[in-house]
Amino acid sequence: IELFCLGEETPVTTSDAMGALNFSIQTQESPGCGYARCGILRLHDPSGAKLDVEGSYHQFNNTVVEM
């Protein structure tokens, strides 16, 4: 699975053999405005077998996401 920042064409990272995504992103946060980059993340299956899933860092952090 590839992880993208919404609106970007290059993946931030790709999952390992166990399906885990480990990453860090350089961004800025403004109160009331959110993150300057990667406010919304998109999980994408390059094989096309699964539908994309979108969510925030807070929704995805330390969770299991089923696609």
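What counts and what doesn't
- Residues numbered from 1 in each chain as written.
- Predicted model: local features only at pLDDT ≥ 70, side-chain atom pairs only at ≥ 80, totals over all residues.
- Heavy atoms only, no water.
- Phe/Tyr/Trp six-rings, centres within 6.5 Å; stacked < 30°, edge-to-face > 60°.
- Lys NZ or Arg CZ within 6 Å of the ring centre and 35° of its normal.
- 1 Å grid on protein atoms, 1.4 Å probe; cavity = no way out; pocket = protein on both sides within 12 Å on 5 of 7 lines; lining within 4 Å.
- Points joined across faces, edges and corners; volume = space filled by probe spheres on them.
- Nonpolar A, V, L, I, M, F, W, Y, C, P; charged D, E, K, R; others polar.
- Helix = DSSP H or I, 4+ residues; strand = E, 2+ residues; numbered from the N terminus.
- Buried < 20%, exposed > 50% of the residue type's maximum accessible area, 1.4 Å probe, protein only.
- Contact = heavy atoms within 4.5 Å.
- Disulfide = S-S within 2.5 Å.

Applying the stated criterion across every chain yields a total of zero aromatic pairs. Sitting above the plane of the Phe-4 ring, Arg-42 keeps its charged end 4.4 Å from the centroid.

Right, let's talk about the layout of surface pockets for a bit. Put simply, the largest pocket is a space of about 470 Å³. Lining the largest pocket are 18 residues, with Gly-19, Leu-21, Phe-60, Thr-63 and Val-65 sitting closest to its centre. Looking at the lining of the largest pocket residue by residue, the class counts come to 12 nonpolar, six polar and no charged.

With that settled, consider the environment of Gly-55. Positionally, Gly-55 belongs in strand β6 (residues 53-55). Residue class for Gly-55 comes out buried when judged on its relative accessible area of 4%. Counting along the chain gives 17 residues from Gly-55 to Cys-38, while the straight-line C-alpha distance between them is 9.9 Å. Leaving out residues up to four positions away in the same chain, Gly-55 has contacts with Ile-40, Leu-41 and Phe-60.

What follows is about the state of the cysteines. All chains considered together, the criterion is met by one disulfide. Shown here is the disulfide that connects Cys-5 with Cys-38, its sulfur atoms set 1.4 Å apart. Taken as a pair, Cys-5 in strand β1 (residues 2-5) and Cys-38 in the loop between β4 (34-35) and β5 (41-44) lie far apart in primary sequence, 33 residues in all. Just as Cys-5 is buried, Cys-38 falls in that class too.

One can find Thr-13 in strand β2 (residues 13-14). Beyond its immediate stretch of four places on either side in the chain, Thr-13 contacts Ile-1, Glu-2, Leu-3, Leu-21, Asn-22 and Phe-23.

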